[in-house]
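# Geometric and topological summary
Each chain is listed here by its residues.
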Amino acid sequence: MDTAQGIISNAQVHELIDIVRKVHGFDFSGYTKASLKRRLTRIMLLNKFEFYDLKHVLINDADFFQGFLEEITVNVTEMFRDPSFYRAVNTQVVPYLSTYQHAKIWSAGCSTGEEVYSMAILLKEAGLGKKSFIYGTDINTEVLREARKGIYSLRNIKSYAENYQYTGLKGSITDHFTILYDAASVHNELKQNTLFSVHNLISDNVFNEFQMISCRNVFIYFETFLQERILDLFYKSLCPLGYLCLGSKETIRSESFKSKFKVINQKENIYQKVGT
């Protein structure tokens, strides 16, 4: 069958990975091949490309690459997604964070910022708003630009309100936004305690020491060896007894890392760093 119909071989996937690494400096070799093939197929179908066309634009069109990056790096997010996760953080991690005069939290793979602001609201409601600072990072500069704005569709906010109620937090999610016609803007008070910046989990190093790291719905797109590399980065980035929060869809499978983390919540995959 013709590649114009979205069929792409494993050899072609590897060829594109090599092109992206050499031309743009992004290494997708650790992404699961099944996920990559699905997303490359979607890109080819949307643009009515054959394989040669995709190769050509990746090499010669820097503007096209930004859209390509957005398609490859999954950006599915919402505020207070999986409310049981936030309930667990509130009861099992927040008491630990409250023991610090100033707690630093890293939200890795933060996309357009919904999870960062969700955590900021949670910490504010716990009385830790001025005692905490959240770093949101992502590989994609476009989604980070949206995250810094902190402006979301009012329709989305209304759909997030149910998640908020299920977390058990008081009041309404709209208490933390300024309504602007058909959109809602995160209160500046929350923005002041956040910083969004580019960070590549695959190639970049430790950039701070954190009391808590949250990284949800990211591991599932990586091969095992890359998961271990990122776990090592998180381990080195956590202070002694710091918390790693992966959420219900991901877990620590590596035997070498199971001994470095204590399971705090098995369902929500919340771990505490042990050892030194």
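Predicted model, so just to flag it, every value in this text is computed and none were measured.

Turning next to the overall build of the protein. Secondary structure summary: the protein contains 12 helices and 10 strands in total. Since a compact globule built from 276 residues should have a radius of gyration of about 19 Å, the 20 Å found for the protein is in line with a globular shape. With the principal axes as the frame, the protein shows a C-alpha extent of 60 × 50 × 30 Å. For the protein, buried positions account for 51% of its 276 residues.

Applying the stated criterion across every chain yields a total of 19 aromatic pairs. Between Tyr135 and Phe207, the aromatic rings sit 6.1 Å apart at their centres with planes inclined by 70 degrees, giving edge-to-face as the arrangement. Of this pair, Tyr135 sits in strand E2 (residues 132–138) while Phe207 is found in the loop between strand E6 (194–198) and strand E7 (210–214), placing the two residues 72 residues apart along the sequence. The rings of Trp106, Phe133, Tyr135, Phe207, Phe210 and Phe234 are connected pair by pair, giving a single aromatic cluster. Over the ring of Tyr235 we find Lys260, and its NZ or CZ is 5.2 Å from the ring centre. Residue placement shows Lys273 over the ring face of Tyr235; its charged tip is 4.4 Å from the ring centre.

As a further point, take the environment of Leu128. Inspection of the secondary structure puts Leu128 in the loop between helix H7 (114–125) and E2. Judged by its relative accessible area of 5%, Leu128 falls in the buried class. Put simply, Leu128 and Ser9 are 119 residues apart on the chain and 51 Å apart in space, counted from C-alpha to C-alpha. The residues touching Leu128, leaving out its near neighbours within four places in the chain, are Val94, Leu97, Ser98 and Leu123.

Now for the sheet that holds strand E3 (residues 151–153). Hydrogen bonding along the main chain pairs the strands of a sheet, whether they run parallel or antiparallel. Strand order in the open sheet made by the 3 strands is E3-E5-E4, with antiparallel pairing throughout. Sheet topology places E3 and strand E4 (177–180) at the edges, where each strand pairs with a single neighbour. Taken pair by pair, the neighbouring strands of this sheet meet at an average axis angle of 30 degrees, ignoring direction. Pairing between E3 and strand E5 (residues 183–186): 3 bridges, direction antiparallel. Bridge pairing in E5 places Ser153 opposite Ala183.

Residues Phe28, Leu54, Leu58, Phe68, Leu201, Phe234 and Leu244 are the most contacted members of the largest nonpolar core, which totals 49 residues. Each residue touching Leu201, except ones within four places of it in the same chain, is listed here: Trp106, Ala108, Cys215, Val218, Ile230, Leu233 and Phe234. Counting residues in hydrophobic clusters, the runner-up holds 41 residues, among them Leu97, Tyr164, Phe177 and Ile270.

At Leu241, a position not held by glycine, the phi torsion is positive, near 70 degrees. You can see Leu241 is positioned in strand E8 (residues 238–245). The phi dihedral of Asn269 is positive, around 50 degrees, even though this residue is not glycine. Tracing the backbone through its elements, the reader meets Asn269 in the loop between strand E9 (261–265) and strand E10 (270–273). Residue class for Asn269 comes out buried when judged on its relative accessible area of 7%.

In this model, the protein carries an average pLDDT of 89, and 96% of its residues clear a pLDDT of 70 or more. Residue range residues 1–5 is modelled with pLDDT below 50. Its contacts to residues more than four positions away, or to other chains, number 12 contacts.

We now examine the side chain of His199. Within the secondary structure layout, His199 lies in the loop between E6 and E7. Beyond its immediate sequence surroundings of up to four residues, His199 is in contact with Trp106, Thr137, Asp138, Ile139, Asp204, Asn205, Phe207 and Leu233.

Turning next to the packing of helix H5 (residues 83–92) against H7. At a closest axis distance of 11 Å, the pairing of H5 and H7 adopts a crossing angle of 40 degrees. Between H5 and H7, the crossing angle belongs to the class labelled oblique. Read as a crossing pair, H5 and H7 show a hand that is right-handed. Along the contact surface, H5 presents Phe85, Tyr86, Val89 and Asn90, while H7 presents Glu115, Ser118, Met119 and Leu122. Across the contact of H5 with H7, the residue classes break down as 5 nonpolar, 2 polar and 1 charged.

This brings us to helix H3 (residues 51–60). Of the residues making up H3, those classed as buried are Phe51, Leu54, Val57 and Leu58. All buried residues of H3 fall inside an arc of 135 degrees around its axis, so they share one side. Set apart from the buried face of H3 by more than 90 degrees, the exposed residues are Tyr52 and Asn60.

What counts as what
- Residues numbered from 1 in each chain as written.
- Predicted model: local features only at pLDDT ≥ 70, side-chain atom pairs only at ≥ 80, totals over all residues.
- Heavy atoms only, no water.
- Helix = DSSP H or I, 4+ residues; strand = E, 2+ residues; numbered from the N terminus.
- Rg over C-alpha atoms; globule rule 2.2 N^0.38 Å.
- Buried < 20%, exposed > 50% of the residue type's maximum accessible area, 1.4 Å probe, protein only.
- Phe/Tyr/Trp six-rings, centres within 6.5 Å; stacked < 30°, edge-to-face > 60°.
- Lys NZ or Arg CZ within 6 Å of the ring centre and 35° of its normal.
- Contact = heavy atoms within 4.5 Å.
- Pairing = 2+ DSSP bridges.
- Axes fitted to C-alpha atoms, helices over the stretch in contact; angles between N-to-C directions.
- Core = buried A, V, L, I, M, F, W, Y, C linked by side-chain atoms within 4.5 Å.
- pLDDT = per-residue confidence, 0-100.
- Parallel < 35°, antiparallel > 145°, perpendicular 65-115°, else oblique.
- Left-handed = near helix turned anticlockwise from the far one by under 90°.
- Nonpolar A, V, L, I, M, F, W, Y, C, P; charged D, E, K, R; others polar.
- Arc of directions from axis to C-beta.

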